[in-house]
Amino acid sequence: MDAIKTTGLMHTYPDGTKALSGVNFEAGCGERVAVLGPNGSGKSTLFYHFNGLFKPTGGEIKVFGEDICNDNMDMIRKQVGLVFQTPDSQLFGATVFEDIAFGPKNLGIKQQAVNERVLGVMRRFDIEELAHKNPANLSGGQKKRVAIAGVVAMEPDVLVLDEPTAGLDASGVTGTMEILDELNDEGKTIIISTHDSDLAASWADRVYILNKGKVFRSGEPKHIFAEEKLMAEAGLKHPVIVQTFREFRARGISKGETPLSVLELMDSVDMNVMTIRCAIAGCDVIAGEEVILEMKDGMLIADNRGSGVRGKVVFSGKKGDDIAVKDVSGDLQQLAGSIAIIRVPGITEGGTRVVETEKVQQLLLDIMPQKIGAMGTSAKVLMGRMNMRCDIEFDVIQSGILAAQRGFNVAVFASGGMAERAITKIKEKNIRHSLNII
Ligand SMILES: Nc1ncnc2c1ncn2[C@@H]1O[C@H](COP(=O)(O)OP(=O)(O)OP(=O)(O)O)[C@@H](O)[C@H]1O
Ligand SMILES: [Mg+2]
């Protein structure tokens, strides 16, 4: 069953503006849906209908198969949480704590349970130190986090977020999207609007493009972003990855399906057209000489000792020079490093309070990683508590795989269900890996 389904949805504002003209929209249970569209295309107007805030002037909307009416409005508000585009429309508590507590309290939950929920959510969003501040005095990005936290605290089945990442800094965007991923792992349906086509391409299961109050196109990101003219016609920018791929393809370097991530872009590079490999000379080399290739500090190095992958130097060069190597024999993939996933209990499993840090220290001594990454709130909290440096904070799975492909041994702390998702992706890329549960 769909979590939300609209058929021929119309909305005309009292001044006569036709903001929605027959929108058919579906978000399946547990799906991640991104709505893209230029300013004024009707994204916010559409979202206001999802929890009954606006009534359609035509067409219909169903939430978990039910029409929205006065009798079930309380139920709908419990099921569908809406985060407004501008946090000021949503924050009115005297303190951040009270603001986040307002929703759960209204659901009739007892004070003690409300307090626990609010503390849990503030920990998840890393806003504990803002608890006693007046929301009006927060920075724009902080307001946004508090507004999202307030809706998450109500634990709705469907989270509808109108431009949740607008105005956030890079770690704010990553943090917010990771929390949405965690909630999605827990089974929640997530619907966002965004102007960031890179984000929509890499995150969504399904994308809607709105234009002038109509659905211009919808489908899986890999189909939507593969259509060359579509984005321009809709007044939107192509994801940078897609633009790069087109340039590579036009030059005969890339082939296959349109990539939506750096990792997929690297997969699209046709190695057969690259008969010469670039490497760094590990010693002075002479043209025609046979060298051994290896990975050192993430770089391909050509040396005159060792065994394994071999090749012939094209031009003479001195130690440290960029050189070219041809006639490579042996499997360069064997030079790749590995990824050890360290699964940290997610917030709902007790978080890092239940972790013995000595065990983690021992595990790291066994793994000896050259790069460490963290995915999800509890993984980051644990690393912070243990004073560990975090080398990979953004796009952690993808960056970890790219680092392993460049020969690094990587450890990734992953919260709860994110660990399994990471393992699935790593397996697809044939990277050596291990899953360590703490
Ligand atoms: N209260 C209102 N009264 C009259 N017209 C409105 C009202 N709110 C929005 N509109 C109009 O409805 C259309 C859709 O607006 P909406 O806010 O839904 O767009 P949007 O896609 O969310 O845009 P943005 O990317 O700028 O947030 C616009 O033409 C806008 O001018
Ligand atoms: Mg809007």
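Here the structure is a predicted model, which is why all the values come from computation and not from measurement.

Conventions we followed
- Residues numbered from 1 in each chain as written.
- Chains lettered and ligands numbered in written order.
- Predicted model: local features only at pLDDT ≥ 70, side-chain atom pairs only at ≥ 80, totals over all residues.
- Heavy atoms only, no water.
- Helix = DSSP H or I, 4+ residues; strand = E, 2+ residues; numbered from the N terminus.
- Buried < 20%, exposed > 50% of the residue type's maximum accessible area, 1.4 Å probe, protein only.
- Areas by Shrake-Rupley, 256 points an atom, 1.4 Å probe, with all protein chains shown as cover.
- Lys, Arg positive; Asp, Glu negative; His and termini not counted.
- Charge placed at Lys NZ, Arg CZ, Asp CG, Glu CD.
- Expected span 1.5 Å × (residues − 1).
- Contact = heavy atoms within 4.5 Å.
- Pairing = 2+ DSSP bridges.

## Structural notes on the overall build of the protein chain
Piece 1. Assigned secondary structure in the protein chain consists of 15 helices and 19 strands.
Piece 2. Here the protein chain holds 438 residues, and 50% of them are scored as buried.
Piece 3. Here the protein chain displays about 20,800 Å² of accessible surface, and carbon together with sulfur accounts for 50% of that area.
Piece 4. Computed over 50 positive and 57 negative side-chain charges, the inter-centroid distance for the protein chain is 1 Å.

## Let's talk about helix 4 (residues 111-124)
Piece 1. Taking 1.5 Å per residue as the helical rise, helix 4 with its 14 residues ought to reach 20 Å, and the 20 Å between its terminal C-alpha atoms agrees with that figure.
Piece 2. Considered for burial, the residues of helix 4 that qualify are Val-114, Val-118, Gly-120, Val-121, Met-122 and Arg-124.
Piece 3. Buried positions along helix 4 lie against helix 3 (96-106), helix 5 (140-152), helix 6 (170-185) and helix 13 (377-385).
Piece 4. Looking at the residues trailing helix 4, positive phi occurs at Asp-126, about 55°.

## Remarks on the sheet that holds strand 4 (residues 58-63)
Hydrogen bonding along the main chain pairs the strands of a sheet, whether they run parallel or antiparallel.
Piece 1. Taken in spatial order, the 4 strands of this open sheet run 2-1-4-5, and their pairing is antiparallel. Edge positions in the sheet fall to strand 2 (18-28) and strand 5 (66-67), since each has one partner strand and no second.
Piece 2. Sheet topology note: the strand 1 (residues 2-12)/strand 4 ladder contains 5 bridges and is antiparallel. Across the sheet, residue Ile-4 finds its bridge partner in strand 4, namely Val-63.

None of this, on its own, says anything about what the molecule does.
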